[in-house]
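# Inside the fold
Okay, here's what each chain looks like letter by letter:
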Amino acid sequence: MIKEKVHILSVTAIKGMNDILPSDVATWQFLEQSAREVFSLYGFSEIRTPIAEKTELFCRSIGETTDIVEKEMYTFNDKSDNSLTLRPEGTAPVMRAFIQNRLYNLDPVSKLYYMGPMFRYERPQKGRYRQFHQLGAEVVGVEDAKIDAQVLAMLHQYFIRIGIDSVSLQVNSLGCPECRPGYRQALIDYLESRLDNLCEECQRRYQTNPLRVLDCKAKGCQAATVDAPSVLEHLCSPCSDHFGQVKDYLEILNIPFEVNSRMVRGLDYYVRTTFELVTDQLGSQNAVAAGGRYDGLVESLGGPSLPGIGFAIGLERLVLMKGEQRITAATPQLFIAALGKEAADRAFVLMSQLRVAGVQAEMDYLGKSLKAQMRRANKLNAAFTLILGEEELNSGQAQLKDMSDSSQSTVTLDSLAEMLIKKLGKMSTSS
Ligand code: HAM
């Protein structure tokens, strides 16, 4: 153990922004790599956009009256007095890049995915952070309900791939600019007669963003909206048909779902299909992934009139759900315990040769005793150990110990890499 100094001034991380430590990184890499594999099966390509954008992009897309834009953005002026914002989500930046780089000229259907940090000034708690990571996917160019079902099928397959099955899919349709205003007004009328029962925030926003009242966690608001009009009863017939087809295709693909007509989303760009993958394992932060259609967004940002649909998964929430099943990092295949300077020098050369040959090898650099070196080999979970002392240097042979069953075999130092690769190959084919 290293003795800790008493620090007079210690600088800590920003509240709600976490380090991802080496012990967790293997899980993160597994979740990211699985996404790359599954998303590419569905024809998605990765896109990477800057972490900061012009503030206007988010105001115009997410909506001026949403919680994100009103309260949660990290916005600052740069030295030229431009208002910039750390991206609170990925859809708007991806659509900005899509339009700016005219990706619509490459293919009538664009399928893009991204992963990376997002920033929202929210009250941190389990599953909710100020810097968090999303894994997102977007399809631009298709209105057909088949694509809605395919996007959900991809999400479903991803969750199977990563071994998380304790989630359920909720779907809804929020209508379109034709039918939403009628529903909005019906909801405002309904809420108006129950204003006294709503929380302060909902009393303020019921006119500007009445749908959010349905999503409010306050008990009074939930009770007051039990009989609120359902958006599904106000859909125009094209929206109703579209939603019907989405449900049919989901059934054809055997993807379990439930309709939740109270589900509204915290971003204004959504139309028609919206969805959330929810779990009861994370307390109040129950959405592990969420998304929907945003058919007017590309045009409203100055691009061609193209429909779009996508989702984002919260990676921290996935990591929390993986819990005990976390993935362990790769461990050394060989630990060389060397005794004395001459042996340590030989071990150093051997270790370098092994690494070049593709074997993960490790040794001691601190001049520790044999016992301490073996303890470290155990702690590192090395598959094999090799003890190198004066005798081994003289004979050019040493004992290779298989740590799984303590069996030993004699190896010549000159053919160590070859032997090990053979043994490791056998181990990986037999396991
Ligand atoms: P969102 O619902 O705001 O949608 O976020 C998607 C997911 O990101 C949430 O379900 C949650 O898992 C995670 N998330 C959100 N905020 C936090 C936070 N503060 N801490 C930890 N995790 C969080 C969007 O962002 C849309 N852009 C999704 C989308 C893509 N819609 C269409 N395409």
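The notes below deal with the structure included here. Quick caveat, the model's predicted, so the values are computed rather than measured.

## A few points about the overall build of the protein chain
Scanning the protein chain for helices and strands turns up 15 helices and 16 strands. In terms of overall size, the protein chain is more extended than a compact globule, its C-alpha atoms giving a radius of gyration of 28 Å where 431 residues would be expected to give roughly 22 Å. With respect to the three principal axes, the spread of C-alpha positions in the protein chain is 90 × 55 × 45 Å. By residue count, 48% of the 431 residues in the protein chain fall in the buried class. Of all intrachain contacts in the protein chain linking residues separated by at least 6 positions in sequence, the fraction that spans at least 24 positions is 69%.

## Thoughts on the state of the cysteines
Enumeration over the complete set of coordinates arrives at zero disulfides. Residue Cys 199 stays outside any disulfide, its sulfur separated by 3.7 Å from that of Cys 202, the closest cysteine. On the accessibility criterion, Cys 199 (21% relative accessible area) is partly exposed. Of all cysteine sulfurs, the one in Cys 199 lies closest to Cys 221, which takes part in no disulfide; the gap is 3.7 Å. For Cys 221, a relative accessible area of 0% puts it in the buried group.

## Some thoughts on the site of the ligand
Taken together, 27 residues surround the ligand, and among them Glu 89, Glu 122, Glu 138, Arg 265 and Tyr 270 come closest. At a separation of 3.0 Å, a nitrogen atom of the ligand approaches a polar side-chain atom of Tyr 269. Taking Phe 311, its main chain carries an N or O atom lying 3.3 Å from a nitrogen atom of the ligand. Listing elements by their share of the shell around the ligand, those giving two or more residues are β6 (131-140), β10 (287-293) and β11 (308-314). Broken down by element, the shell around the ligand gets its largest block of residues, six residues, from β10.

## Brief notes about the nonpolar core
Membership of the largest hydrophobic core comes to 48 residues, with the highest contact counts inside it found for Met 95 and Phe 98. Taken together, the elements giving at least two residues each to this core come down to α2 (55-62), α3 (67-72), α4 (91-100), β5 (110-119), β6, α6 (180-192), α8 (219-224) and α10 (297-300). Of the residues forming this core, the biggest block, six residues, is contributed by α4. Non-local contacts of Phe 98, meaning those with residues more than four positions away in its chain, are made with Leu 103, Tyr 104, Ser 110, Leu 112, Val 140, Val 298 and Leu 306. Tyr 42, Leu 135, Phe 159 and Leu 250 belong to the second largest nonpolar core, which has 44 residues in total.

## A closer look at the packing of α2 against α4
Look at α2 against α4: their axes get within 9 Å of each other, and the N-to-C directions meet at 110°. Judged on the interaxial angle alone, α4 and α2 are roughly perpendicular. For the pair α2 and α4, the contacting residues are Leu 57, Phe 58 and Ser 61 in the first and Ala 92, Pro 93 and Arg 96 in the second. A breakdown of the residues in the contact of α2 with α4 according to their chemical character gives four nonpolar, one polar and one charged.

Rules and cut-offs
- Numbers given for residues are sequential positions, taken from 1 along each chain in its written order.
- The predicted nature of this model means local features are confined to residues of pLDDT at least 70 and side-chain atom pairs, given and counted, to a pLDDT of 80 or more, with totals for whole chains, interfaces and linings taken over all residues.
- With hydrogens and water excluded, all non-hydrogen atoms of the structure serve as input to the side-chain values.
- Helix numbering and strand numbering both begin at the N terminus, where a helix is a DSSP run of H or I of at least 4 residues and a strand a DSSP run of E of at least 2.
- With C-alpha atoms as the basis for the radius of gyration, the globule rule is written as 2.2 Å multiplied by the number of residues raised to the power 0.38.
- Accessibility here uses a 1.4 Å probe with only protein chains present; expressed as a share of the type maximum, an area under 20% marks a residue as buried, one over 50% as exposed, and anything in between as partly exposed.
- Note on definitions: a residue-residue contact is assigned when non-hydrogen atoms from the two residues lie within 4.5 Å.
- Count a disulfide wherever a pair of cysteine sulfur atoms falls within 2.5 Å.
- Residue proximity to a molecule or strand is established when one non-hydrogen atom of the residue lies within 4 Å of it.
- Whenever a nitrogen or oxygen atom comes within 3.5 Å of another N or O atom, the pair is scored as a polar contact, on the condition that within protein one atom can donate a hydrogen and the other can accept it, and that pairs from neighbouring residues in sequence are kept only if both atoms are in side chains.
- Residues enter a nonpolar core if they are buried and are Ala, Val, Leu, Ile, Met, Phe, Trp, Tyr or Cys, with the set joined through side-chain atoms within 4.5 Å.
- Angles here are taken between N-to-C directions and fall from 0 to 180 degrees, while the axes themselves are lines fitted to C-alpha atoms, restricted in helices to the stretch in contact.
- Each angle gets one of four labels, with under 35 degrees taken as roughly parallel, over 145 as roughly antiparallel, 65 to 115 as roughly perpendicular, and the rest as oblique.
- Under the scheme applied here, ten amino acids are nonpolar (Ala, Val, Leu, Ile, Met, Phe, Trp, Tyr, Cys and Pro), four are charged (Asp, Glu, Lys and Arg), and all others, including Gly, are polar.

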